[in-house]
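# Structure at a glance
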Amino acid sequence: MQFEVFTLLPEVFPSYLDTSIIKRARERGLIHVRVHNIRDYTHDKHHMTDDTPYGGGGGMVMKPDPVFEAVETVIGLNTHFNDSLEEPLDSVRDEAIPTPPNPDSNIPIILLTPQGRVFNQTIAQELSAHPRIALICGRYEGIDERIREHLVTDEISIGDFVLTGGELPALILIDAIARLLPDVLGDPTGAQDDSHAMGLLEYPHYTRPPEFRGWKAPDILLSGDHAKIDKWRRQQALERTFKKRPDMLEKAELTKEDLKFIQKLKSS
Ligand SMILES: C[S@@+](CC[C@H](N)C(=O)[O-])C[C@H]1O[C@@H](n2cnc3c(N)ncnc32)[C@H](O)[C@@H]1O
């Protein structure tokens, strides 16, 4: 899967992309992340990417022209894809850049914005099905509205709060989507039981030592009885969700046994 990130601050990305699971996924060619500096698509002497808002008011607004040109050049919307125009960071330059899957296909062009639909595991799943997505990071007071109206195909928020830029949200999307792709996690079933993956919060985890400061790991987890362990984990997941996020139970796929267990929790 290929991520095309458009930003005014490309220097934000390397440290995270060169770490741990995401780094290994890139090295193994499972994901490709290209970070494009919007400033490279300006044509004036001062490489202006922002300007004062029409109608007055504080703050600056990201100009439409460099953003359109960057996305159109890289994604090949109006112009042909042209590798030589992009300036990926040195740290991501070393990965072999494949030919884009299909410049004309429906590549989601996502604006990171506090006004978008709120990101969650279902959206991560949905986006992981695309071979290529574009992520536009805003800065300042935001972007010229014509970018939203005529370039962007989706708007995503990472929560009901306002950050100074879309770079962290973009990294959050890349991380959450990448770990859903085949072979990215060491354990192929790793993402299956995660919180939100099955509509429930995940069960608790324990590791060695079996007893720490007098607090014991549950005996059942050391019993080796996998049927009992599975049942215990399911009930723990149900109980946690019931206590911390009861709203999630309304949408979760529940068996008759699950419903009976929840009934018991309600009456206890
Ligand atoms: C200071 S914010 C602009 C907020 C804008 N004035 C508004 O009220 O909608 C600058 C940029 O940070 C990013 N951003 C801030 N909060 C975000 C959030 N919760 N989710 C996604 N992106 C966010 C967006 O790209 C936004 O354009």
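Before reading further, recall that the structure is shown in the block above.
What comes next concerns the included structure. (Residues numbered from 1 in each chain as written. Predicted model: local features only at pLDDT ≥ 70, side-chain atom pairs only at ≥ 80, totals over all residues. Heavy atoms only, no water.)

## A few points about the overall build of the protein
Test applied: Numbered from the N terminus, helices here are DSSP runs of H or I no shorter than four residues, and strands are runs of E no shorter than two. Exposure is judged per residue with a 1.4 Å probe applied to protein chains only, and the accessible area is read against the type maximum: over 50% gives exposed, under 20% gives buried, and values in between give partly exposed. We call two residues contacting when some pair of their heavy atoms lies within 4.5 Å. Methods summary: accessible areas were calculated by the Shrake-Rupley approach with a probe of 1.4 Å, and residue burial reflects only the protein chains presented.
Along its length, the protein carries 10 helices and nine strands. For the protein, buried positions account for 43% of its 268 residues. Relative to all contacts within the protein whose residues are 6 or more apart in sequence, the contacts with residues 24 or more apart total 74%. Total accessible area on the protein stands at roughly 15500 Å², and carbon and sulfur atoms take up 52% of it.

## A closer look at the site of the ligand
Quick note on the threshold: One heavy atom within 4 Å of a molecule or strand is enough for the residue carrying it to be called near that molecule or strand. Here a polar contact means two N or O atoms within 3.5 Å. Within protein one must be a hydrogen donor candidate and the other an acceptor candidate, and residues neighboring in sequence count only if both atoms are side-chain atoms. For this classification, Asp, Glu, Lys and Arg are treated as charged, while Ala, Val, Leu, Ile, Met, Phe, Trp, Tyr, Cys and Pro are nonpolar and the rest, including Gly, are polar.
Contacts to the ligand come from 20 residues, most closely from L112, Q115, G138, E141 and F161. With respect to the ligand, the backbone of G138 contributes an N or O atom lying 2.9 Å from an oxygen atom. For the ligand, the accessible surface in isolation is 580 Å², of which the surrounding protein chains cover 85%. Secondary structure elements with two or more residues in the shell around the ligand: strand 5 (109-118) and strand 7 (154-157). Here the element with the most residues in the shell around the ligand is strand 5; it accounts for four residues. Class assignment for the residues of the shell around the ligand results in nine nonpolar, nine polar and two charged.

## Some details on the packing of helix 8 (residues 226-244) against helix 10 (residues 256-267)
Relative placement of two packed helices is described by the angle separating their axes and the distance separating the axes. Put simply, the rule reads: Axis geometry follows a simple rule: fit a line to the C-alpha atoms, using only the stretch in contact for helices, then measure angles between N-to-C directions, giving values from 0 to 180 degrees. Note on angle classes: values under 35 degrees are labelled roughly parallel, values over 145 roughly antiparallel, values of 65 to 115 roughly perpendicular, and the remainder oblique. Helix crossings fall into two classes, left-handed where the near helix is turned counterclockwise from the far one by less than a right angle and right-handed where it is turned clockwise.
Their axes nearest at 10 Å, the elements helix 8 and helix 10 cross at an angle of 50°. In terms of orientation, helix 8 and helix 10 fall into the oblique class. Regarding helix 8 and helix 10, the two cross each other, and that crossing is right-handed. Together, K231, R234, Q235, L238, E239 and F242 of helix 8 and E257, D258, F261, I262, L265 and K266 of helix 10 make up the contact between the two elements.

## Here's the deal with the side chain of D258
Its location among the elements puts D258 in helix 10. Side-chain polar atoms of D258 contact the side chain of R234, separated by 2.7 Å. Ignoring anything within four residues of it in the chain, the contact list for D258 reads R234, L238 and E253.

## Overview of helix 2 (residues 20-27)
Definition in use: Note that the arc is defined by the directions from the helix axis to the C-beta atoms.
Regarding helix 2, the residues found buried are I22, A25 and R26. Along the long axis of helix 2, the arc covered by the buried residues comes to 100°, so they all point the same way. In the segment just after helix 2, G29 is the residue with positive phi, at about 75°.

## Overview of the sheet that holds strand 7
Put simply, the rule reads: The criterion for strand pairing is that DSSP finds at least two bridges linking the strands in question.
Strand order in the open sheet formed by five strands is 2-1-6-5-7, and the pairing between neighbours is parallel. Bordering the open sheet on either side are strand 2 (32-37) and strand 7, each of which pairs with just one other strand. Averaged over all pairs of adjacent strands, the angle between their axes in this sheet comes to 35°, without regard to strand direction. The sheet contact formed by strand 5 and strand 6 (residues 132-137) spans four bridges and is parallel. From the neighbouring strand, L111 faces strand 6, where its bridge partner is I136.

## Description of the environment of I220
Along the polypeptide, I220 turns up in the loop between strand 9 (215-216) and helix 8. Beyond its immediate chain neighbours, meaning those up to four positions away, I220 contacts K228, I229 and W232.

## Topic: helix 10
Cut-off, in case you're wondering: Helix span, expected: 1.5 Å multiplied by one less than the number of residues in the helix.
Counted at 1.5 Å a residue, the expected span for helix 10 with its 12 residues is 16 Å, and the 17 Å between its end C-alpha atoms agrees. Here helix 10 has its buried residues at D258, F261, I262 and L265. Along the long axis of helix 10, the arc covered by the buried residues comes to 100°, so they all point the same way. Among the exposed residues of helix 10, those pointing more than 90 degrees away from its buried face are K256, E257, K260, K264, K266 and S267. Of the surrounding elements, those touching the buried residues of helix 10 are helix 8 and helix 9 (246-249).

## As for unusual backbone geometry
For the bond from R208 to P209, the omega torsion is 0°, close enough to zero to count as cis. With respect to the helices, strands and loops of the structure, P209 is situated in the loop between helix 7 (167-178) and strand 8 (211-212). The phi torsion at Y140 lies on the positive side, around 55°, for a residue other than glycine. Positionally, Y140 belongs in the loop between strand 6 and helix 6 (145-150). Its relative accessible area of 38% is what places Y140 among the partly exposed residues. Phi is positive for H196, which is not a glycine, with a value near 80°. Position of H196 among the secondary structure elements: in the loop between helix 7 and strand 8. Note on H196: relative accessible area 35%, which makes it partly exposed.

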